[in-house]
Amino acid sequence: MEYMTQGEVQEALLELLIVFDEYCKQNKLRYSLSAGTLLGAVRHKGFIPWDDDVDLYMPRPDYEKMVAHEELVPAGYKIVTKDNSAFALPFAKFQQMSIRAQEAIYDGVMDEFLWLDVIPVDGEDASRQGWQDRQEKLFALIKKRARLSLDPMKGAAPLWKKYLKRVYRWAALKKMTISEIDNEIDLLLSDIPFDSANQVTGIVGLPRKPWFMEKSKYLETVYMDFEGHAFPVMGSWRDYLTQIYGDYMTLPPESERVAHAIRAWRVEGSSSECVLENESTAVVPGGCVTDGL
């Protein structure tokens, strides 16, 4: 087995993003580049040189439509969530099933395949007293869910820290189950429905910093160059990047230029060929997408 280089991973991720973009067009799903992927588009016209993942935002109604219709995902691809896998966080991974891409923390827990993170954007009301407390509570619940869902002995942490996490997990599970955590998260998120909200946020993706913006500005989609292709970006991208990164055009210190260190390799005998069944099937790099929703 030969592991893919970072350059090869980025090329495969770009192909996967092109597939996802066509899938969203066919099914009328709105999305935007986000986090480091959006920053890369603005600052580098593509991937941040040391990055090895893709982050996307999707309005909650579109996200719910996407995960409810897995049958419309093109052949050779899969949508993975906490509800159909051991994935620990409350958003989705759009996976290409011909390339394994394993994180150490999930090794032996679930087989991962090259993915894009698709994070729902929810309603917010920053004029309401306590909105920051609501975000912080959501943030804490999601991190707690991840700690309780994952095996504390996995990953690259020192052994003493792993044992400390195991003790924490044992004590925490006696007080609150993962199902109870999910119910609390869902209750907090449903408090301000996306459709009736004036502002939005993407807190379930555990952003570097909490953020919010006017929904109307978020939905004013523009297109931005990313590795020679045009992809949709939220209209308020400058405000978003400033809230998350501050001076986003300045490169971080070299010590902070690190990737996620996934191990990726192609699955032997995999094929990305597709058969055109009708005129609504589009051929894209890495697969095919059939018109659906």
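See the structure above.
1. Comments concerning the overall build of the chain
Tallying secondary structure elements over the chain gives 8 helices and 12 strands in all. Taking all 293 residues of the chain together, 49% fall into the buried category. Taking the intrachain contacts of the chain between residues at least 6 apart in sequence as the baseline, contacts between residues at least 24 apart amount to 66%.

2. Quick word on the packing of helix 4 (residues 131–149) against helix 6 (residues 178–190)
Following both chains from N to C, one finds helix 4 and helix 6 inclined at 155°, their axes separated by 10 Å at the closest point. Classified by the angle between their axes, helix 4 and helix 6 sit roughly antiparallel to one another. The handedness of the crossing between helix 4 and helix 6 is left-handed. On helix 6, the residues that touch Arg 134, Lys 137, Leu 138, Leu 141, Ile 142, Lys 144, Arg 145, Leu 148 and Ser 149 of helix 4 are Ile 178, Ile 181, Asp 182, Glu 184, Ile 185, Leu 188 and Leu 189. Among the residues forming the contact of helix 4 with helix 6, the class breakdown is 9 nonpolar, 1 polar and 6 charged.

3. Focus on the packing of helix 2 (residues 35–44) against helix 8 (residues 237–245)
Packing of helix 2 against helix 8 brings their axes to within 11 Å, and their N-to-C directions diverge by 120°. As helix 2 runs across helix 8, the sense of the crossing is left-handed. In this structure, helix 2 contributes Ala 35, Gly 36, Leu 38, Leu 39 and Val 42 to the contact, and helix 8 contributes Trp 237, Tyr 240, Leu 241 and Tyr 245. Among the residues making up the contact of helix 2 with helix 8, the classes are represented as 8 nonpolar, 1 polar and no charged.

4. Topic: the pairing of strand 8 (residues 222–226)
Relative to strand 9 (residues 229–233), strand 8 runs antiparallel, the two sharing 5 bridges. What sits directly across from Asp 225, in strand 9, is Ala 230. In textbook terms, the turn of a hairpin is the stretch between consecutive antiparallel strands, and for strand 8 and strand 9 this stretch comprises 2 residues, one of which, Glu 227, has a positive phi near 55°.

5. Structural notes on unusual backbone geometry
Even without being a glycine, Lys 45 presents a positive backbone phi close to 60°. If you check the backbone angles, Glu 227 has positive phi at about 55° while not being a glycine. Tracing the chain through its elements places Glu 227 in the loop between strand 8 and strand 9.

What counts, and where the lines are drawn
Residues numbered from 1 in each chain as written. Predicted model: local features only at pLDDT ≥ 70, side-chain atom pairs only at ≥ 80, totals over all residues. Heavy atoms only, no water. Helix = DSSP H or I, 4+ residues; strand = E, 2+ residues; numbered from the N terminus. Buried < 20%, exposed > 50% of the residue type's maximum accessible area, 1.4 Å probe, protein only. Contact = heavy atoms within 4.5 Å. Axes fitted to C-alpha atoms, helices over the stretch in contact; angles between N-to-C directions. Parallel < 35°, antiparallel > 145°, perpendicular 65-115°, else oblique. Left-handed = near helix turned anticlockwise from the far one by under 90°. Nonpolar A, V, L, I, M, F, W, Y, C, P; charged D, E, K, R; others polar. Pairing = 2+ DSSP bridges.

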